[in-house]
Amino acid sequence: MPSRDIALLDVAKTYPLKRGAALAALDGISLDIANGEFVALLGPSGCGKSTVLRIVAGLEEPTSGSVSVGGASPQALSRAHRLGVAFQEHSLLPWLTVRQNIALPYSVAGRKIDGAHIQDLIELVGLVGFEDARPKQLSGGMRQRASIARALVLEPEVLLLDEPFGALDAVTRRRMNRELGRIWAELRITTLLVTHDVDEAVLLADRVVVMTGRPGRVRHIEDIDLPLREHSELTRTPEFHDIVDRLTGLLDATKDA
Amino acid sequence: MTAVRPGTQSAARAGMRPGLRTALYGLVGVAVLLLIAELIGQFGLLGTTWPPLTSVFAFLADPANHTLLGNALSTTVTEAAVGGLIGIAAGVGFALLASLVPVLAPGLDRFAAVIDAVPAVALAPFLILILGREGTPVLVVALSTTFIIYISMSSGLATAARPYHDLLAVLGARRGTRLRLVDVPAALPKLFDGLALAAPAMILGATIGEWFGARRGLGVLFISAMQNYRIDLLWAAAVLSVLCSLVLYGAAVVAQRAIARRFA
Ligand SMILES: Nc1ncnc2c1ncn2[C@@H]1O[C@H](COP(=O)(O)OP(=O)(O)O)[C@@H](O)[C@H]1O
Ligand SMILES: [Mg+2]
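Reading the values: rules and limits
- Starting afresh in each chain, residues are numbered from 1 along the sequence in its written order.
- For this description, chains carry letters from A and ligands carry numbers from 1, given in the order in which they are written.
- Residue-level local features of this predicted model are given only where pLDDT is at least 70; pairs of side-chain atoms are given and counted only at 80 or more, and the full residue set underlies all totals for whole chains, interfaces and linings.
- In computing side-chain values, all of the structure's heavy atoms are included and hydrogens and water are not.
- A run of H or I in DSSP counts as a helix once it spans at least four residues, and a run of E counts as a strand once it spans at least two, with each numbered from the N terminus.
- Think of it in three bands: with a 1.4 Å probe and only protein chains considered, a residue is buried below 20% of the maximum accessible area for its type, exposed above 50%, and partly exposed in between.
- Here, two residues are considered to be in contact whenever any of their heavy atoms come within 4.5 Å of each other.
- Per-residue and other accessible areas were derived by the Shrake-Rupley procedure at a 1.4 Å probe size, with only the shown protein chains allowed to occlude residues.
- Neither His nor the chain termini are counted; the positive set is Lys and Arg, and the negative set is Asp and Glu.
- Lys charges are placed at NZ, Arg charges at CZ, Asp charges at CG and Glu charges at CD.
- What makes a salt bridge here is a side-chain nitrogen of Lys or Arg within 4 Å of a carboxyl oxygen of Asp or Glu, nothing more.
- The donor definition counts N, O and S atoms within 2.8 Å of each metal and applies 3.2 Å to Na, K and Ca; water is not among these atoms, so some sites may look incomplete.
- The pairing test for Phe, Tyr and Trp rings, Trp by its six-membered ring, is centres within 6.5 Å, and the orientation test on the planes gives stacked under 30 degrees, edge-to-face over 60, and tilted for anything in between.
- Given a helix with a known number of residues, its expected span is that number minus one, times 1.5 Å.
- Two strands qualify as a pair provided that DSSP identifies no fewer than 2 bridges between them.
- Each axis is a line fitted through C-alpha atoms, taken for helices only over the stretch in contact, and angles between the N-to-C directions span 0 to 180 degrees.
- A single heavy atom is enough: if one lies within 4 Å of a molecule or strand, its residue is considered near that molecule or strand.
- Here a polar contact means two N or O atoms within 3.5 Å. Within protein one must be a hydrogen donor candidate and the other an acceptor candidate, and residues neighboring in sequence count only if both atoms are side-chain atoms.
- Residues were grouped as follows: Ala, Val, Leu, Ile, Met, Phe, Trp, Tyr, Cys and Pro as nonpolar; Asp, Glu, Lys and Arg as charged; and all remaining residues, including Gly, as polar.
- Segmentation of the chain into domains, including their bounds, is taken from an automatic or database domain assignment.
- The term buried area refers to how much accessible surface (probe radius 1.4 Å) is lost by two components on association, counted for both of them together.

Asks: Which residues make up the overall build of chain B, and what values go with them?
Replies: From N to C terminus, chain B includes nine helices and zero strands. In chain B, the order of α-helices and β-strands from amino to carboxyl end is α-α-α-α-α-α-α-α-α. Judged by the C-alpha coordinates and their principal axes, chain B covers about 70 × 55 × 30 Å. For chain B, buried positions account for 40% of its 264 residues. Within chain B, contacts between residues at least 6 apart in sequence are counted, and of these 73% link residues at least 24 apart. Total accessible area on chain B is roughly 14,400 Å²; 72% of this is exposed by carbon and sulfur atoms. Where the 18 positive side-chain charges of chain B centre and where its 11 negative ones centre are 14 Å apart.

Asks: So, the pattern of salt bridges: which residues are in play, and what are the values?
Replies: In the structure shown here, the tally under the stated rule is 18 salt bridges over all chains. When the shortest N-O distance is used, the salt bridge between A:Glu60 and A:Arg54 registers 3.1 Å. Take A:Glu60: its relative accessible area is 15%, and that puts it in the buried class. Here A:Glu60 and B:Arg162 are joined by a salt bridge, their closest N and O atoms 3.4 Å apart. Placement of the pair is A:Glu60 in the loop between α1 (49–56) and β4 (64–69) and B:Arg162 in helix α6 (residues 162–170), with the two residues belonging to separate chains. Residue classification places B:Arg162 among the exposed residues on the basis of a relative accessible area of 52%. Members of the salt-bridge network, linked through shared partners, are A:Lys13, A:Arg54, A:Glu60, B:Arg162 and B:Asp166.

Asks: How would you sum up the side chain of B:Glu38? Please name residues and give values.
Replies: Residues and elements named next belong to chain B. In this structure, glutamate 38 sits in helix α1 (residues 5–42). It turns out glutamate 38 is buried and unbridged, and the closest side chain with the opposite charge, arginine 230, is 18 Å from it. Not counting residues up to four positions away in its chain, the partners in contact with glutamate 38 are Pro52, Leu53 and Thr54.

Asks: Please provide a residue-by-residue account of the coordination of the magnesium ion (ligand 2), values included.
Replies: Where a metal carries four tetrahedral donors, each ideal angle is 109.5 degrees; where it carries six octahedral donors, the ideal angles are 90 or 180 degrees. The magnesium ion (ligand 2) binds to the protein through A:Ser50 (OG) and A:Gln88 (OE1); the donor distances cover 2.0 to 2.4 Å. Of the two residues, A:Ser50 is situated in helix α1 and A:Gln88 in the loop between β5 (83–86) and α3 (98–109); the sequence distance between them amounts to 38 residues.

Asks: Provide a residue-level description of the packing of aromatic side chains, including the pertinent values.
Replies: All names here are of chain A. Counted according to the given criterion, the structure contains three aromatic pairs over all chains. Ring geometry for phenylalanine 38 and tryptophan 184: centres 5.3 Å apart, planes at 65°, overall edge-to-face. Here the residue phenylalanine 38 occupies a position in strand β3 (residues 38–42), and tryptophan 184 occupies one in helix α6 (residues 170–187), the gap between them amounting to 146 residues. Relative accessible area serves as the criterion here: at 2%, tryptophan 184 is assigned to the buried category.

Asks: Report on helix α5 (residues 140–152) of chain A, specifying residues and quantitative values.
Replies: For α5(A), which comprises 13 residues, the first-to-last C-alpha distance of 19 Å matches the rise-based estimate of 18 Å (1.5 Å per residue) to within 8%. Extensive coverage of α5(A) is indicated by the burial of 11 of its 13 residues. Among all positions in α5(A), only A:Gly141, A:Met142, A:Gln144, A:Arg145, A:Ala146, A:Ser147, A:Ile148, A:Ala149, A:Arg150, A:Ala151 and A:Leu152 are buried. Of the surrounding elements, those touching the buried residues of α5(A) are β5, α3, α4 (115–124), β6 (158–162) and α6 of chain A together with α6 of chain B.

Asks: How would you explain the sheet that holds β6(A) if you had to name every residue and give the values?
Replies: All names here are of chain A. On the basis of which strands lie adjacent, the open sheet formed by six strands has the order β5-β6-β7-β3-β8-β9 and mixed pairing. The sheet terminates laterally at β5 and β9 (218–223), the two strands that pair on one side only. Averaged over all neighbouring strand pairs, the angle between strand axes comes to 15°, with direction disregarded. Of the pairings in the sheet, the one linking strand β8 (residues 207–211) to β9 comprises five bridges and is antiparallel in character. Within β9, the residue paired with methionine 211 across the bridge is valine 218.

Asks: Give me the site of ligand 1: which residues, what numbers.
Replies: Residue and element names in this part refer to chain A. In the vicinity of ligand 1, the residues found are Tyr15, Leu23, Ala25, Ser45, Gly46, Cys47, Gly48, Lys49, Ser50, Thr51 and Arg214. Taking cysteine 47, its main chain carries an N or O atom lying 3.3 Å from an oxygen atom of ligand 1. Taking 560 Å² as the accessible area of ligand 1 by itself, protein coverage stands at 68%. At the level of secondary structure, the elements contributing two or more residues to the shell around ligand 1 comprise β2 (22–33) and α1. By residue class, the composition of the shell around ligand 1 is four nonpolar, five polar and two charged.

Asks: Quick one: what's the story with the domain arrangement of chain A, residue by residue and with numbers?
Replies: All names here are of chain A. Along its sequence, chain A is organised into domain 1 (6–82 + 158–256) and domain 2 (95–155). Computed over C-alpha atoms only, the centres of domain 1 and domain 2 are separated by 24 Å. Across the boundary between the two partners, domain 1 contributes 16 residues, which contact 13 residues of domain 2. Carbon and sulfur atoms make up 69% of the area that domain 1 and domain 2 hide from each other, which totals about 1,200 Å². For the domain 1 face of the interface with domain 2, the top three residues by lost area are His81, Arg82 and Met176, together amounting to 33%. Here domain 1 and domain 2 share zero salt bridges between them. Summed over the shared surface of domain 1 and domain 2, the result is four residue pairs in polar contact (both at pLDDT 80 or more). Grouping the constituent residues of the side of domain 1 that touches domain 2 by class yields nine nonpolar, two polar and five charged.

Asks: Go over the domain arrangement of chain B, please, and point to the residues and values.
Replies: All names here are of chain B. Along its sequence, chain B is carved into domain 1 (7–48) and domain 2 (51–263). Centre-to-centre, using C-alpha coordinates, domain 1 lies 26 Å away from domain 2. Of the roughly 490 Å² buried where domain 1 meets domain 2, counting both sides, 53% is carbon and sulfur surface. Area buried by domain 1 at its contact with domain 2 is led by Glu38, Gly41 and Thr48, which between them contribute 69% of it.

Shown next, in the form of structure tokens:
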């Protein structure tokens, strides 16, 4: 499975506001994500997590600093139809059914729709029986699962997930975490997951990046050495809870700051 | 899906009653107006040019008049339909062009506004020169339809929300692909709004276009009935043209509702 590395070097992002004012969203973010690595970005809300993801997706230009994906621009990857993104807002097209929404990347790439592959993904994200439903008829969690399936459908070389399980209840969320871990262990796509759920970050990622409050900076990077994706029963071990407690502490400290 | 159905149903039921009431008020209002019109005619309150509606409907119902009225009606409806289709195609085409080639947009906008600002009466001599007397109604319809459809389709093409554009950008869609997969479907509700506006304008445009020397049609009936003081015929033609407009408008509104439910 081909994959790509991601390199952010000293990235800052300032959004212009009304009357000449400006909002500093990110400041001096440097982060290298290796080929086939899973990195989780953890931080309080409003700290610029989505902004990092949008910069890696090529949807925003950094105000200063540089970003490259596989040595080229992020746009080059999307133009090659090799980027998968599940946005915080699901952005399913309301006039298409679940199946048609998941098939959309094929139409954009001008490729023949692989119905069997789409059906596999629908099974994987637990939407069997809802293939012909429209987004309006689904719960928030189901929409997010459909949008994850859509992000995976072309087997991308880079996967960007922005709080993909935010609308799920705790039980479904853990089940989806385990499913994603299992799929990911097979595919090994370079992945950036944005989340504010510490358990989820530790469970899924090779490395967890904790950000400070606004303007977002890298506060701490934690290497996760437990094989949690393959052995989710390890979440009951003290090692897991140590890491979660420590990262939660760091998050709390950023909130106070 | 079953979990969502009951909510939708109760919403529909709650919406049904005010809907029915509005329809009822509408019907009562129309009935009152018709009654007043009938009474004005019966008592000759506005002189001999305002006949009782019952006599107009009697005229419409009389088989002896059906060939005359039917020929005129089918001519006008055909012109409205042909001109309407040309106008819809041109309006949609220009809107797509303005969207694909943005440098053309300001020019197209201004051109459309100018065409719309010039009254058909002022254009008529030119139209007759270009297309002859029979083609003029079609062109008048096409011009006004093009304008309405161009405006509604253009504004519709700008309605797709930003997250959808972000999605298509990360999927690597080109401008044309995004237009086809997102902007055009998102524009359909506005386009059908425009169609509902354009439908009555099509009948009106065809009728007015016929005033510039056409040989057949409801507009011709208007003129000759006026010149020959055939009050019944004049009113019968008016009623037919109003009914046509209403039917077209109603059909467009029904289609618009269905489209809005699906695409918005
Ligand atoms: N397009 C924008 N224009 C202005 N401000 C923005 C824009 N996008 C995000 N922001 C601001 O930047 C900050 C970081 O936003 P975001 O990256 O969405 O944070 P997070 O995803 O961590 O919650 C927030 O204060 C947000 O209001
Ligand atoms: Mg966010």
